[in-house]
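Here's the letter readout for the chains.
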Amino acid sequence: MTARRIVYTLVFLAVAVPLLLGIRARVEPSPPVKAAYEAIEALPESSLVLIGIDFGPSTMPEMNPMYEALLEHLFRRNLRVAVLSLQSALDLPNGIQVLEKVARRFGKRYGVDYANLGYKPGLEAVIVSLGQEIRDIFPEDAQGHPLDSLPMFRGVHNYNDIALVIDLASGGTYGSWIQFAQARFGVKLLVGVTAVMGPETYPYLQSRQLVGMLAGLKGAAEYETLIQRPGLASRGMPAQAVVHLLIILFILYGNWGFWKQWRR
Amino acid sequence: MKRTGPFVLSVVIGLWILVAFFVKPLRGAQQTLLLWYTIVGAFALVVGLINLIQSHLRNLQRGQNVPYSLILLFGFFGTLAVGIYAFFQGNAFDPYSPLMWVYGYVLAPLQSTMFSLLAFFLASAAFRAFRIRNMEALLLLLAAVIVMLGRIPWTEHTFAGITEWIMAIPNLAAQRGIQIGVALGAIGMALRILFGLERPYLR
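Residues numbered from 1 in each chain as written. Chains lettered and ligands numbered in written order. Predicted model: local features only at pLDDT ≥ 70, side-chain atom pairs only at ≥ 80, totals over all residues.

Novice: Please explain the overall build of chain A as it appears in this structure.
Specialist: For chain A, the helix and strand inventory stands at ten helices and six strands. With respect to the principal axes defined by its C-alpha atoms, chain A has extents near 75 × 35 × 30 Å. Going through the 264 residues of chain A one by one, you find that 52% of them count as buried. A fraction of 73% describes how many contacts in chain A between residues 6 or more apart in sequence connect residues 24 or more apart. (Helix = DSSP H or I, 4+ residues; strand = E, 2+ residues; numbered from the N terminus. Buried ≥ 20, exposed ≤ 12 C-beta atoms within 10 Å, placed from the backbone. Contact = placed C-beta atoms within 7 Å.)

Novice: What's the story with the overall build of chain B in this structure? I'm lost.
Specialist: Broken down by element type, chain B carries six helices and zero strands. Reading chain B from its N end, one meets helices and strands in the order α-α-α-α-α-α. Computed over the C-alpha atoms, the radius of gyration of chain B is 25 Å, more than 25% above the 17 Å expected from 2.2 N^0.38 for a compact globule of 203 residues. Overall size of chain B, expressed as C-alpha extent along the three principal axes, is 65 × 50 × 40 Å. Out of the 203 residues in chain B, the part that is buried amounts to 9%. Contacts spanning at least 24 positions in sequence make up 16% of the contacts within chain B whose residues lie at least 6 apart. (Rg over C-alpha atoms; globule rule 2.2 N^0.38 Å.)

Novice: How should I be thinking about the nonpolar core in this particular structure?
Specialist: Burial of nonpolar side chains together is a common tendency in soluble globular proteins. All names here are of chain A. Ranked by internal contacts, the top residues of the largest apolar core, which has 95 residues, are Val 49, Met 66, Val 81, Val 165, Leu 168 and Leu 189. Top element by residues in this core is helix H10 (residues 232-263). It accounts for ten residues. Residue contributions to this core reach at least three from each of two domains, namely domain 1 (1-24 + 232-250) and domain 2 (27-229). Contacts of Met 66, omitting those with residues within four sequence positions, involve Leu 168, Gly 192, Leu 214, Gly 219, Ala 220, Tyr 223 and Ala 233. (Core = buried A, V, L, I, M, F, W, Y, C linked by C-beta atoms within 7 Å. Domains from an automatic or database assignment.)

Novice: Any chance you could explain the pairing of strand S5 (residues 189-193) of chain A here in plain terms?
Specialist: Taken residue by residue, a regular strand's side chains alternate between the two faces of the sheet. Residues and elements named next belong to chain A. Counted residue by residue, S5 has five buried out of five residues, so it is predominantly covered. Neither face of S5 is left uncovered, since the one carrying Leu 189, Val 191 and Val 193 and the one carrying Leu 190 and Gly 192 both have all their residues buried. At this point the chain moves from strand S4 (residues 164-169), through helix H7 (residues 173-185), to the parallel S5, and the crossover so formed is right-handed. Direction of pairing for S5 relative to strand S6 (residues 212-215): parallel, over a ladder of four bridges. By the bridge assignment for S6, Val 191 is matched with Met 213. (Right-handed = clockwise from strand over helix to strand, strands pointing away. Pairing = 2+ DSSP bridges.)

Novice: Honestly, unusual backbone geometry in this entry has me stumped. Any pointers?
Specialist: When glycine is set aside, most residues are seen to have a negative phi, and most peptide bonds are trans. All names here are of chain A. The phi angle at Arg 208 is positive, at roughly 65 degrees, despite the residue not being glycine. With respect to the helices, strands and loops of the structure, Arg 208 is situated in the loop between helix H8 (202-206) and S6. Residue Arg 208 is classed as exposed on the basis of its 9 C-beta neighbours within 10 Å. In this structure, Gln 228 takes a positive phi of about 55 degrees despite not being glycine. Structurally, Gln 228 is set in the loop between helix H9 (216-226) and H10.

Novice: Would you explain the sheet that holds S5(A) in this entry?
Specialist: Hydrogen bonds between backbone atoms are what pair the strands of a sheet, whose relative direction is either parallel or antiparallel. Residues and elements named next belong to chain A. Taken together, six strands build an open sheet; the order of strands is S3-S2-S1-S4-S5-S6 and the sheet is parallel. On the outer flanks of this sheet lie strand S3 (114-119) and S6, each paired with one strand and no other. Taken pair by pair, the neighbouring strands of this sheet meet at an average axis angle of 15 degrees, ignoring direction. Contacting strand S1 (48-54), S4 and S5, H7 crosses the sheet at an angle of about 155 degrees to S4. (Axes fitted to C-alpha atoms, helices over the stretch in contact; angles between N-to-C directions.)

Novice: In this structure, what is going on with the interface of chain A and chain B? I would like to understand it.
Specialist: Interface size is commonly expressed as the accessible surface area that is lost when the partners come together. Facing the 51 residues of chain A at the interface are 47 residues of chain B. Every element with two or more residues in the side of chain A that touches chain B is listed here: helix H1 (3-21), helix H3 (60-76), helix H4 (92-105), helix H5 (123-130), H8 and H10 of chain A. Here the element with the most residues in the side of chain A that touches chain B is H10(A); it accounts for 14 residues.

Novice: Is there a simple way to explain the domain arrangement of chain A in this structure?
Specialist: Residues and elements named next belong to chain A. We note that the domain assignment places domain 1 (1-24 + 232-250) and domain 2 (27-229) within chain A. Of note, the centres of domain 1 and domain 2, computed from C-alpha atoms alone, are 31 Å apart. The partner domain 2 presents ten residues to the six residues of domain 1 that form the contact. Of the residues that constitute the side of domain 1 that touches domain 2, the class distribution is three nonpolar, three polar and no charged. (Nonpolar A, V, L, I, M, F, W, Y, C, P; charged D, E, K, R; others polar.)

Novice: When you look at H3(A) in this model, what are you seeing that I'm missing?
Specialist: Residues three or four positions apart in an α-helix share a direction because the helix packs 3.6 residues into each turn. Residues and elements named next belong to chain A. The first and last C-alpha atoms of H3 sit 23 Å apart over 17 residues, in line with the 24 Å expected at 1.5 Å per residue. In terms of residue burial, H3 counts as a mostly covered element, since 14 of its 17 residues are buried. At the C-terminal side of H3, Asn 78 shows a positive phi close to 60 degrees. (Expected span 1.5 Å × (residues − 1).)

Novice: I tried to follow the packing of H9(A) against H10(A) on my own but got confused; where do I start?
Specialist: Helix-helix packing: each pair is described by the crossing angle between the helix axes and the interaxial distance. All names here are of chain A. Running from amino to carboxyl end, H9 crosses H10 at an angle of 135 degrees, the nearest separation of the two axes being 8 Å. As judged from the angle between their axes, H9 and H10 are oblique. Note on packing geometry: the crossing formed by H9 with H10 is left-handed. Of the residues in H10, those touching H9 at Leu 217, Lys 218, Ala 220, Ala 221 and Glu 224 are Ala 233, Ser 234, Gly 236, Met 237 and Gln 240. Its residues assigned to classes, the contact of H9 with H10 comprises five nonpolar, three polar and two charged. (Parallel < 35°, antiparallel > 145°, perpendicular 65-115°, else oblique. Left-handed = near helix turned anticlockwise from the far one by under 90°.)

Novice: Would you explain the environment of B:Leu80 in this entry?
Specialist: Residues and elements named next belong to chain B. For Leu 80, the location among the structural elements is in helix H3 (residues 66-89). In this structure Leu 80 comes out as exposed when scored by C-beta crowding, with 12 C-beta atoms within 10 Å. Sequence separation between Leu 80 and Leu 99 is 19 residues, and the spatial gap between their C-alpha atoms is 8.8 Å.

Novice: Sorry if this is basic, but what is going on with the packing of H5(A) against helix H2 (residues 27-62) of chain B here?
Specialist: With their axes 8 Å apart at the nearest point, H5(A) and H2(B) run at an angle of 145 degrees to one another. Between H5(A) and H2(B) lies a crossing of left-handed hand. Counted together, A:Glu124, A:Ala125, A:Val128 and A:Ser129 of H5(A) and B:Gln31, B:Leu34, B:Leu35, B:Tyr37 and B:Thr38 of H2(B) form the full contact between these two elements. When grouped by side-chain class, the residues that make up the contact of H5(A) with H2(B) number five nonpolar, three polar and one charged.

Written as structure tokens, this is what we have:
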């Protein structure tokens, strides 16, 4: 068996065994995740929250759990939720399925408590337009209902009427939200990103352009801990943790071999 | 005229959008221009698709990478057919439409699988390539190991503090430096395009 096959087999076992055994692990919320939770806690009841679903199937396993945990918190707090997608039309269907699943659990009604604005191309143009009048860019929701016919949009015109924007991004869309919504209109912005994108958001957290940040499966698991509802992320964390440990061991073992060779 | 027209148009529109960020009365027109940009972008997508299909048809003619090109063309036209059928059935993007079936049971598992493979490649790369050859590599290795330990539920109590410090201080400083550098580069390039020193749209 070659070294590569041994590595692959060990990674497979490291992922599969903790998942099959159902090992649980408690995670401690980090400051950016706590800040995200507190930002939602601070919103007045029935405020409107806009969620950008900007992640595709490739990142679904780490993004869906944080999306579900956030929705759980938003609906628990009786906040209104509108979703839209600015990256790809194909990001939204998964987002709608998750939204409907959580909304059903809370007995929320379409048009009153939540709505789907659909996909709109032209990222920056759409973000800027939302700052003027939402009906200019979304005269109807994704199902073709005029926005004025949906009770949850009564009196909603622009960012002044949106309490919080959450962008769940696997790409650069959150940067556009910062540039064109936060910097220009002072929108309160929270992001959920993949684990590899987490480090690049820290400058915006420090400058307070982001009110909070969830990164990867760990961020989702931390949020699940805060809302006291362990879900997909909490179940996946032990597998991720074992793989992390395995990678550390691989690095140490590889360097031990390198050091031995160097001494010779 | 063939070259001057696009140049003048891009300079005027570029400057207009830039100035409108600071001059409120210009924002109405800026809004319209940004909507035009969206429409032009949609046409560019069509051009890109035509190019992609032509390229793979050429592959078939030349006998290069035939299986891959066949799969791409089959996937493209198959999804298109299902999409058109779903469109006439009602809302193609309805979560329960045939197009979304293709999305949920073909595209999503394929993309998730491709992304999952990264774990295997990453582990293999860590074993083979992450060598402490100098001081910088040692620092990188230490930071990586500490951050990973800080992300593991069983060790995070010990490493959470230092992990957060690494993320909030050295990482932040490096990220900000990179972002400022990228932004300056982007501003430089934008100015070159605005003043006609760079004309990628004429190529």
